[in-house]
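# Architecture at a glance
Each chain, written out:
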There are 2 protein chains.
Amino acid sequence: MDLSIISLTVQDIRFPTSLSGDGSDAMHTDPDYSCAYVILKTARNDLEGHGLTFTIGKGTNVVVTAVRELEHLVVGKRLGDIYSNFGEFWKSLACHSQIRWIGPECGALHMGTGALVNALWDLWAKIEGKPLWKLLSDLEPEQLVSCIDFRYITDVLTKEEAINILKKNKQYKQQREAELLEKGFPAYTTAVGWVGYDEQKRRELCRQYLNDGYTRFKAKVGTSIEEDRKRLTIIREEIGWDSILMVDANQKWDVNEAIEWMKQLTDFKLLWIEEPTHPHDALGHATISKALAPYGIGVATGEQCPNRIIFKQLFQSKGFQFCQIDSCRVGGVNENLATILMAHKFGIPVCPHAGGVGLCEYVQHLSMWDFVAVSGSMENRMTEYVHHLNEHFENAASAKAGRYLAPKQPGYCCHLKEESRKVYEFPNGTYWSQKQ
Amino acid sequence: MDLSIISLTVQDIRFPTSLSGDGSDAMHTDPDYSCAYVILKTARNDLEGHGLTFTIGKGTNVVVTAVRELEHLVVGKRLGDIYSNFGEFWKSLACHSQIRWIGPECGALHMGTGALVNALWDLWAKIEGKPLWKLLSDLEPEQLVSCIDFRYITDVLTKEEAINILKKNKQYKQQREAELLEKGFPAYTTAVGWVGYDEQKRRELCRQYLNDGYTRFKAKVGTSIEEDRKRLTIIREEIGWDSILMVDANQKWDVNEAIEWMKQLTDFKLLWIEEPTHPHDALGHATISKALAPYGIGVATGEQCPNRIIFKQLFQSKGFQFCQIDSCRVGGVNENLATILMAHKFGIPVCPHAGGVGLCEYVQHLSMWDFVAVSGSMENRMTEYVHHLNEHFENAASAKAGRYLAPKQPGYCCHLKEESRKVYEFPNGTYWSQKQ
């Protein structure tokens, strides 16, 4: 903890996923799954923190520039000073007197903050020799809560309430850890549901995932009612009616349009409609939630909610029934701790967004801490799992029979292989420079 | 209209205002008033569109990078194709299938969109030979409304409703234009209220502005109750009790803190508390509005609201009593047209945020269009006016006796002098390179 951060590097890494249609949806028709990738170095050669935020191609460079603007706030800082009052340090990034103007706490700047903060947690977990979920679970309630910036959320959750939640759950920790290590954490797959796949590929994927033990599936909707019904019919034919099925519109609709559209899909027994409209529209989500409740369809959102303040309003307004935190869009782990604690207070299950680049590797830790230290429940809780691109990770998340296996290696476990970064760095990596 | 845009340049311009304390407030203690400055060229040497978005120092570079990411969507486009369906073109910028991920419609990306869109309006107004407010006022209702992207707001305002609002007001246009040209539009000053000024400077400024005919003043609050009371006491001593006084906390407080703090300032007869908390917190603003209503204090916000979706929720939740649009933070003129029309529907007066770099030059046009074509009223309406830095503009906004004078020159009137840009371009302009 006497070490300091001596350098920060940030890379623009882009995988050409638009060629295969992986990740395509109603709004993002040609994503090249990408990330801004941060490496923090210390004086110890064997101790680096790696962190990233997920993007989908063009625009990654803007996030990279945002990280560089924050560099001077991190390089030279002593690790002990950062981690002993991590909430204050987080605030120094998220609330710099000049830089915050281009947020505040949203967009490219906040995503850059997320990448940097995730790298700091990776470093801390490596120093402690624990996977992140275990580091979080082992922190004393007061210490964990000192990592959170409670600004703007004290009207729904105070520091004292947060400490009390953690204290009450402390007695169950050992038992829950044992359960987690034995059973893993529920996963669902989106692999069967991308817009760009043909019928044969979709049927084959459904069978493959069923065989692998999956019972929870998600599909994209929003292209047209006819195409949506066709896609869902194929999936239900394959997975049957005992499996759980969710759908995702990726913000395609206005509020009333979402309600009318979903009323035409009620016969598919859908657990949730995800991102029915713009992610900033807490009140719009509340209107949709109320209208769809009689059909047994919940509302889920969060992957593009910029910060704890929008999440707070989703809780307050009953805007969603499933809270989908994202590991990178908000300001990294610290802000997600706040959202998970608010979710607990409001009785809303947390079902993280994943897929992309590194999101599965990340959110598994957050879900596992949620289970061990906060909610104590796996009911109605599951985490998205997608394995494409995992060949590029040194320590990819792994799932078996539809459940994430608790990671055991130290760190926040999201290292892209050096070789992959050399090939896919934009625009000078070997893949992109050969294309030009 | 057969011309195309042949190039885009974008500059990072920073004025060292932190040296004098101009613009300092409780959250932004050392702003260097800055902007990302866009120039669009056409094949005609005498026809350029200039546009900017305001920033406060570090971070400007991130917005500049965002503009460059959008460049390929604009350069090469025919002007006639842009302006004949400006709403669709706006959507192509704000909703690019890859780039939107780093918003959506917020932060550095959306501010860059704003600078670019403002430059496009400058170009259009020059082609028509009219100041922007007059161009907007002269557009047929259908054509004006075709500039707006109604996505995500149709639950409160449809295209048809917007057209009807404009049609109903058309008959009063000539009479209102005459009134505007004769009387100008009400202005208020913030010059007396910055945190960084000492008592003598503050008293002198109050006297100077009173002498100039100002009757509306605004001061910063949020440093400490004691300092706030001292600052407000000085100002009330100077301006008397018939003048209007507003205060601005620049997001310093949590929701309950805002209420408790303001209860200790009720004796100063305050029209509004501006930015009491985080600008994304529509429901928090509603709680504050309700609590302060008995004291005759309204809530104002908007300068850091990222888009029409957050404004929509402020209208729906009765989150504010004064709607403070900003000309640059949202996606430029087009998105502000939507917000002004929503404000009309909800009966909320629009009192734009200004100051900064170029904001006075911009928002005067929006307020004047609001008066001529939408609200038809100057009651409870006023636009911030600050004249510092106006020596750098070729066509600075001008106010007399506390009222903005309607600009008459063609364009959106926000040209920084070439000489000023050479001096203050960061980091290579003569001012900044000599400092290093």
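Residues numbered from 1 in each chain as written. Chains lettered and ligands numbered in written order. Predicted model: local features only at pLDDT ≥ 70, side-chain atom pairs only at ≥ 80, totals over all residues. Heavy atoms only, no water.

### Observations regarding the overall build of chain A
Selection rule: Each helix corresponds to a stretch of at least 4 residues labelled H or I by DSSP, and each strand to a stretch of at least 2 residues labelled E; elements are numbered beginning at the N terminus. We take the radius of gyration over the C-alpha atoms and set the globule estimate at 2.2 Å times the residue count to the 0.38 power. Here's how the labels work: a residue is buried when its accessible area is under 20% of the maximum for its type, exposed when over 50%, partly exposed in between, all with a 1.4 Å probe on protein chains only. Whether two residues touch is decided by their heavy atoms; if any such pair falls within 4.5 Å, the residues are in contact. Only the protein chains shown count as cover for residues, and all accessible areas are computed by the Shrake-Rupley method using a 1.4 Å probe. Positive: Lys, Arg. Negative: Asp, Glu. His and the chain ends are not part of the count. One atom stands in for each charge, and that atom is NZ of Lys, CZ of Arg, CG of Asp or CD of Glu.
When helices and strands are tallied, chain A shows 17 helices and 12 strands. Relative to the globule expectation of 22 Å for 436 residues, the C-alpha radius of gyration of chain A, 21 Å, shows essentially globular dimensions. Within chain A, the proportion of its 436 residues that are buried is 67%. A separation threshold of at least 6 residues defines the contact pool for chain A, and within that pool the share at least 24 residues apart is 75%. Carbon together with sulfur atoms contributes 47% to the accessible area of chain A, which is approximately 14,300 Å² in total. Distance between charge centres in chain A, computed from 48 positive and 55 negative side chains, equals 3 Å.

### Digging into the domain arrangement of chain A
Residue and element names in this part refer to chain A. Rule in force here: An automatic or database domain assignment supplies the start and end points of every domain. We count a salt bridge whenever a side-chain nitrogen from Lys or Arg sits within 4 Å of a carboxyl oxygen from Asp or Glu. A 3.5 Å cut-off defines polar contacts: any pair of N or O atoms within that distance qualifies, except that in protein one atom must be a possible hydrogen donor and the other a possible acceptor, and neighbouring residues in sequence count only when both atoms are side-chain atoms. Lys, Arg, Asp and Glu make up the charged group, whereas Ala, Val, Leu, Ile, Met, Phe, Trp, Tyr, Cys and Pro make up the nonpolar group; the residues left over, Gly among them, are polar.
Entries for chain A in the domain assignment read domain 1 (5-168 + 420-435) and domain 2 (172-412). When each unit is reduced to the centre of its C-alpha atoms, the spacing between domain 1 and domain 2 is 21 Å. Of the residues lining the interface, 60 residues belong to domain 1; the matching set on domain 2 comes to 63 residues. The interface formed by domain 1 and domain 2 includes six salt bridges. Measuring nitrogen to oxygen at the nearest pair gives 3.9 Å for the salt bridge that ties Arg308 to Asp149. Our count for the domain 1 to domain 2 interface comes out at 26 residue pairs in polar contact (both at pLDDT 80 or more). For the side of domain 1 that touches domain 2, the element with the highest residue contribution is helix H4 (residues 107-128), accounting for 10 residues. Of the residues in the side of domain 1 that touches domain 2, the class split is 30 nonpolar, 17 polar and 13 charged.

### Here's the deal with the UniProt feature "domain: Mandelate racemase/muconate lactonizing enzyme C-terminal" (unreviewed entry) in chain A
How we decide: UniProt positions are given in the numbering used here, feature names are shortened, and annotations may be inferred rather than shown by experiment.
Taking the numbering used here, the UniProt-annotated feature "domain: Mandelate racemase/muconate lactonizing enzyme C-terminal" (unreviewed entry) corresponds to residues 199-295 of chain A. In residues 199-295 of chain A, the share of helix is 49% and the share of strand is 15%. The end C-alpha atoms are 28 Å apart.

### Description of the packing of aromatic side chains
Filter applied, for reference: Side-chain rings of Phe, Tyr and Trp, where Trp is taken by its six-membered ring, are said to pair if the distance between their centres is within 6.5 Å; with planes under 30 degrees apart they count as stacked, over 60 as edge-to-face, and otherwise as tilted. As a reminder, the over-ring test applies to NZ of lysine and CZ of arginine, requiring each to be within 6 Å of the ring centre and within 35 degrees of the ring normal.
In this structure the tally under the stated criterion is 40 aromatic pairs over all chains. Taking 5.1 Å as the distance between ring centres and 35° as the angle between the ring planes, the aromatic pair formed by Trp253 of chain A and Trp261 of chain A counts as tilted. Exposure remark for Trp261 of chain A: the relative accessible area of 13% places this residue in the buried category. With 6.4 Å between their ring centres and 40° between their planes, Phe311 of chain A and Phe320 of chain A make a pair best called tilted. Phe320 of chain A carries the same exposure label as Phe311 of chain A, and that label is buried. Every member of this aromatic cluster is reached through a ring pair, and the members are Phe15, Tyr424, Phe426, Tyr431 and Trp432 of chain A. Geometry around Phe426 of chain A places Arg14 of chain A over its ring, the cationic atom sitting 3.7 Å from the centre. One residue, Arg329 of chain A, lies across the ring of Trp101 of chain B, its end atom 5.1 Å from the ring centre.

### Concerning the relation of the copies chain A and chain B
Look at the two chain copies: a rotation about an axis and a shift along it is all it takes to match them. Put simply, the test is: The fit set for superposing copies consists of C-alpha atoms from residues with pLDDT of at least 70 in both; the fit itself is least squares.
Mapping chain A onto chain B calls for a screw motion: a turn of 180° about the axis and a shift of 0.0 Å along it, with 0.0 Å RMSD after fitting. Expressed as an axis order, the relation between the two copies is that of a two-fold axis. Taking the C-alpha atom as reference, chain A places Gly107 of chain A closest to the rotation axis, 2.2 Å from it. The fraction of interface residues of chain A whose copies in chain B are also interface residues reaches 100%, indicating that both copies meet through the same surface.

### Some words on helix H12 (residues 282-292) of chain B
Counting buried positions over the 11 residues of H12 of chain B gives eight, a clear majority of the element. Of the residues making up H12 of chain B, those classed as buried are Ala282, Leu283, Gly284, His285, Ala286, Ile288, Ser289 and Leu292 of chain B.

### A closer look at unusual backbone geometry
Of note, the bond from Gly103 of chain A into Pro104 of chain A is cis; its omega dihedral lies within 30 degrees of zero at -10°. In this fold, Pro104 of chain A is placed in the loop between helix H3 (86-94) and H4. Here the amide bond leading from Phe426 of chain B into Pro427 of chain B is cis, since omega sits at 0°, within 30 degrees of zero. Here Pro427 of chain B is to be found in the loop between helix H16 (418-424) and helix H17 (430-435). Despite not being glycine, Ala401 of chain A shows a phi value in the positive range, around 50°.

### Details of the nonpolar core
For clarity, the threshold we go by: Only buried Ala, Val, Leu, Ile, Met, Phe, Trp, Tyr and Cys residues count toward a nonpolar core, and they belong to the same one when joined by side-chain atoms within 4.5 Å.
Counting 288 residues, the largest nonpolar core has Trp121, Ile273 and Trp369 of chain A together with Trp121, Ile273 and Trp369 of chain B as its most contacted members. If sequence neighbours within four positions are ignored, Trp369 of chain A has contacts with Trp133, Leu136, Ser137, Leu144, Leu166, Leu337, Ile340, Leu341 and Val374 of chain A.

### Here we look at the environment of Tyr83 of chain A
Residue and element names in this part refer to chain A. Position of Tyr83 among the secondary structure elements: in helix H2 (residues 79-84). Separated by 63 residues in sequence, Tyr83 and Ser146 have C-alpha atoms that sit 9.3 Å apart. Beyond its immediate stretch of four places on either side in the chain, Tyr83 contacts Met1, Leu120, Leu123 and Trp124.

### Description of the pairing of strand S6 (residues 244-248) of chain B
Along any regular strand the residues' side chains alternate between the sheet's two faces. Residues and elements named next belong to chain B. Spelled out, the test is: Note: two strands are recorded as paired if DSSP finds a minimum of 2 bridges between them. By convention a crossover is right-handed if, when the strands point away from the viewer, the path from the first strand over the helix to the second runs clockwise.
Where burial is concerned, most of S6 is hidden: four out of the five residues are buried. Both strand S5 (residues 216-220) and S6 contribute to a ladder of five bridges, which runs parallel. Residue Phe217 lies in a different strand from S6, and its bridge partner there is Leu245. With respect to chirality, the unit in which S5 leads through helix H10 (residues 225-239) into the neighbouring parallel S6 is right-handed. When S6 meets strand S7 (residues 270-274), the two strands line up parallel, connected through three bridges. In the sheet register, Asp248 faces S7, and the bridge partner there is Glu274. In this view, the connection linking S6 to its parallel neighbour S7 by way of helix H11 (residues 255-263) has right-handed handedness.

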